[in-house]
Amino acid sequence: MDPGKCPTGCDRIYATRRLVKIIFATLGNSFDKKTRYETVFGEDLSTRERTFRAPGRVNLIGEHTDYNDGFVMPAAINFSTFVSISQPFDSKLDIFSENFKDSVSVDLTAGPRPRGDWSDYVVGVAVILQAAGYTVRGAKLNIRGEVPIGSGLSSSAAIEVATACALVAISDIKIDRVELAKLCRRAENEFVGARVGIMDQFVSLYGQAKKALLLDCRSLDYELLPLSQEAHLVVCNTMVKHELASSEYNQRREQCEAGVKHLAQALPHITALRDVTLEQLEAYGKDLADVIYRRCRHVITENDRVLKAGDALKRHDLGEFGWLMYESHRSLRDDYEVSCPELDIMVELASRVEGVYGARMTGGGFGGCTVNVVANEHVEEFKRAIAAVYEQKTKLKPEIFVCETADGAGEVTSVPAIQQQAGD
Ligand code: GLA
């Protein structure tokens, strides 16, 4: 059957769709009112499409350690990106973003280049799959993201992983999840241009509801640790977007590399800050520039905190876990310098509220969210107290939500209605 034709032969509808398609094609990219790609590309594919979901994440502890071969402890959350994909038809990817109300069409045989917008996360995954030797079929993709953008909850990994799952399924590619996580990170490194580590893509694929994922970013061995049922994870969005993040992020990586290079003169076996102890830094880092020394100190002490936090979770010791979170924030603020006044205010306010075990910035920094571990019976009071005082101090209205953990990426039977978002 002609996929564009109505099965009952209603050719008038088909002709009208073709006309709409021609009009939109003539208008180029200035689509304002469209909601899904069939409106743009002219075919209703709803009966033939499959949908894949990939979650964002909240990182409980272990910040800026993943690209130093270190340890992280994120959890996948119930904000996801959904990619609905049609049967393949040629070498083109026709992509529609419901969030941006924008469409992009690329020919996979023509070596697509980054455009510097949302579509890079999608096209990048296809390009890198191809570069890794996989044959990616053309398809139509409809994208809906719930993970607030620019808030440190990894909307980028969610879109990459959901796209990868969709493309792999429709192209009949056999690939395991570790490889998929690595290719998604490569897409962000090489196509988008952000030198991120593996944490976000990995947890988006391997996360589990009610569990934190303790990941060794060198071996990629991981453990799923049960989260306490006595407390909730509460995420507070400062409403400051992390716009500086990309250039500052890449600079932090270079500073860590500079630290390793210097320390390797005395410690030739080391290849990453993961291999260095605090005692070794103190002994062999005296000649380092102060800023490099502090960057190294953050990474080394943060790795140690993650392992201690893992033990604390296993012992159900929320007091110790929370203390490590505060220490992590202090180190990110003073040594790694990736916090901002609003994040500091948010953490400081949380530390004064009854029932809060710990609080820290989460994600790359320079804005975005804090994560807070709050005793169940104090959650409502926490939300009220933080919302009022934060707004008073910053003139920004924070978004505060109790965060449900979620399973990693997979196929779903439908796209749920848009839920409450923590940001834009
Ligand atoms: C971003 C990156 C991650 C990680 C964090 C900082 O979220 O995508 O790989 O480096 O920043 O911990």
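Residues numbered from 1 in each chain as written. Predicted model: local features only at pLDDT ≥ 70, side-chain atom pairs only at ≥ 80, totals over all residues. Heavy atoms only, no water.

K.L.:
Can you help me understand the site of the ligand in this one?
P.N.:
For the ligand, the full set of nearby residues is R57, E63, H64, D66, Y67, V196, G197, M199, D200, Y249 and G364. Within the side chain of E63, a nitrogen or oxygen atom sits 2.7 Å from an oxygen atom of the ligand. A distance of 2.7 Å separates an oxygen atom of the ligand from a polar backbone atom of H64. Out of a free accessible area of 310 Å², the ligand has 93% covered by protein chains. Across the shell around the ligand, the residue classes break down as four nonpolar, three polar and four charged. (Near = heavy atom within 4 Å. Polar contact = N/O pair within 3.5 Å; in protein donor to acceptor, adjacent residues only side chain to side chain. Areas by Shrake-Rupley, 256 points an atom, 1.4 Å probe, with all protein chains shown as cover. Nonpolar A, V, L, I, M, F, W, Y, C, P; charged D, E, K, R; others polar.)

K.L.:
How do you make sense of helix 6 (residues 199-206) when you look at a structure like this?
P.N.:
An α-helix turns once every 3.6 residues. As a result, residues three or four positions apart point the same way. A large share of helix 6 lies buried, amounting to eight of its eight residues. Within helix 6, burial applies to M199, D200, Q201, F202, V203, S204, L205 and Y206. The inward-facing, buried residues of helix 6 contact strand 1 (50-61), strand 2 (71-85), helix 4 (155-170), helix 5 (177-192), strand 6 (211-216) and strand 7 (222-226). (Buried < 20%, exposed > 50% of the residue type's maximum accessible area, 1.4 Å probe, protein only. Helix = DSSP H or I, 4+ residues; strand = E, 2+ residues; numbered from the N terminus. Contact = heavy atoms within 4.5 Å.)

K.L.:
Sorry if this is basic, but what is going on with the nonpolar core here?
P.N.:
If you look at soluble globular proteins, the nonpolar side chains tend to sit buried side by side. The biggest cluster of nonpolar side chains holds 50 residues, and the ones touching the most others in it are L93 and L167. Looking at this core, the element that brings in the most residues is helix 4, giving nine residues. The contact partners of L167, leaving out residues within four places of it in the chain, are I85, L93, V125, A126, L129, V136, R137 and L141. (Core = buried A, V, L, I, M, F, W, Y, C linked by side-chain atoms within 4.5 Å.)

K.L.:
Whenever I open this one, the packing of helix 9 (residues 290-314) against helix 10 (residues 318-334) confuses me. Can you help?
P.N.:
For any two helices packed against each other, the geometry comes down to the angle between their axes and how far apart the axes lie. Interaxial distance between helix 9 and helix 10 falls to 9 Å at its minimum, and their mutual angle equals 170 degrees. When the axes of helix 9 and helix 10 are compared, the pair comes out roughly antiparallel. In the packing of helix 9 onto helix 10, the handedness of the crossing is left-handed. Each of R294, H298, T301, E302, R305, K308, A309, A312 and L313 in helix 9 lies in contact with helix 10, whose residues at this interface are E320, F321, L324, E327, S328, S331, L332 and D334. Its residues placed into classes, the contact of helix 9 with helix 10 shows six nonpolar, four polar and seven charged. (Axes fitted to C-alpha atoms, helices over the stretch in contact; angles between N-to-C directions. Parallel < 35°, antiparallel > 145°, perpendicular 65-115°, else oblique. Left-handed = near helix turned anticlockwise from the far one by under 90°.)

K.L.:
Sorry if this is basic, but what is going on with the sheet that holds strand 9 (residues 356-361) here?
P.N.:
Each strand in a sheet pairs with another by means of backbone hydrogen bonds, the pair being arranged parallel or else antiparallel. Read from one edge to the other, the open sheet built from four strands follows the order 9-10-8-11, with strand pairing classed as antiparallel. Taken across any chain shown, the strands that pair with only one partner, and hence form the sheet edges, are strand 9 and strand 11 (399-403). With strand direction ignored, the average angle separating the axes of adjacent strands in the sheet is 20 degrees. Two strands pair when backbone bridges link them, and strand 8 (residues 231-237) and strand 10 (residues 369-375) are joined in this way by seven bridges, in the antiparallel orientation. Paired with A231 across the strands is A375, a residue of strand 10. Where helix 11 (residues 341-351) meets the sheet, it contacts strand 8, strand 9 and strand 10, and its direction lies at approximately 175 degrees from that of strand 9. (Pairing = 2+ DSSP bridges.)

K.L.:
I would appreciate a short explanation of the environment of A231 in the present structure.
P.N.:
When you line up the elements, A231 lands in strand 8. Residues A231 and Y357, 126 residues apart in the sequence, show an inter-C-alpha distance of 8.7 Å.

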